[in-house]
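Okay, here's what each chain looks like letter by letter:
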Amino acid sequence: MGATMRVLMMIAMAASLVSVSYAATGTATYYTPPYVPSSCYGFQDNGVMIAAASDAIWDNRAACGRNYRVTCTGRTNEGVLQPCRGSVVVKIVDYCPPGCRGTIDLSQEAFAIIADPNAGKVNIEYDQV
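Please read these numbers as outputs of a predicted model, since none were measured by experiment. (Residues numbered from 1 in each chain as written. Predicted model: local features only at pLDDT ≥ 70, side-chain atom pairs only at ≥ 80, totals over all residues. Heavy atoms only, no water.)

Engineer: Looking at this structure, I do not really get the pattern of salt bridges. What am I missing?
Structural biologist: Side-chain pairing between opposite charges can occur once the charged atoms of the two side chains come close. One pass over the structure, following the stated rule, counts two salt bridges. Close ionic contact of D59 with R66 constitutes a salt bridge, the shortest N to O distance being 3.4 Å. The salt bridge partner of R69 is D127, with a shortest N-O separation of 3.4 Å. One end of the pair, R69, is in strand 3 (residues 67–75); the other, D127, is in strand 6 (residues 122–128), and 58 residues separate them in sequence. Here D127 falls in the buried class, since its relative accessible area comes to 17%. (Salt bridge = Lys/Arg side-chain N within 4 Å of Asp/Glu carboxyl O. Helix = DSSP H or I, 4+ residues; strand = E, 2+ residues; numbered from the N terminus. Buried < 20%, exposed > 50% of the residue type's maximum accessible area, 1.4 Å probe, protein only.)

Put into structure tokens, the structure is as follows:
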């Protein structure tokens, strides 16, 4: 094998090991049942791992059905000093209209997975999965 071929193979191997991941930042809030009707699915029940999208990700209804991984990164107020618990994957089923307090408005159940509900609002990273 020629030197040029070895160099190309090494570059290809190195490139395959590089993973580019981009997570946007924002805030998450939560809403409580009933979760139907929703802007995307009317009266169809989509479970409880769901969310409403603010204008930041709504994209004129194109967000309907998209799944997002949402990870709590910290508090937004002085109320709960360490609200974060982890991350969750949710499906966008609804629209959070202008004036929405968060980038993503999670179901109460989904919010409880990523943060203490007493916080009400937390800083997040989110990415489409």
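Engineer: Honestly, the confidence of the model for the protein chain in this entry has me stumped. Any pointers?
Structural biologist: In this model, the protein chain carries an average pLDDT of 88, and 84% of its residues clear a pLDDT of 70 or more. Across residues 14–19, where pLDDT falls below 50, the model places zero contacts with residues more than four positions away in sequence or in other chains. (pLDDT = per-residue confidence, 0-100. Contact = heavy atoms within 4.5 Å.)

Engineer: Honestly, the state of the cysteines in this entry has me stumped. Any pointers?
Structural biologist: Linking two cysteines covalently via their sulfur atoms produces the bond known as a disulfide. Tallied over the full model, the rule gives three disulfides. Here C72 pairs with C84 through a disulfide, and the sulfurs are 2.1 Å apart. An S-S torsion of about -65 degrees defines the bridge between C72 and C84 as left-handed. Placement of the pair is C72 in strand 3 and C84 in the loop between strand 3 and strand 4 (87–95), with a sequence separation of twelve residues. Ordinal numbering of bonded cysteines along the protein chain defines a disulfide pattern of 1-2, 3-4, 5-6. (Disulfide = S-S within 2.5 Å.)

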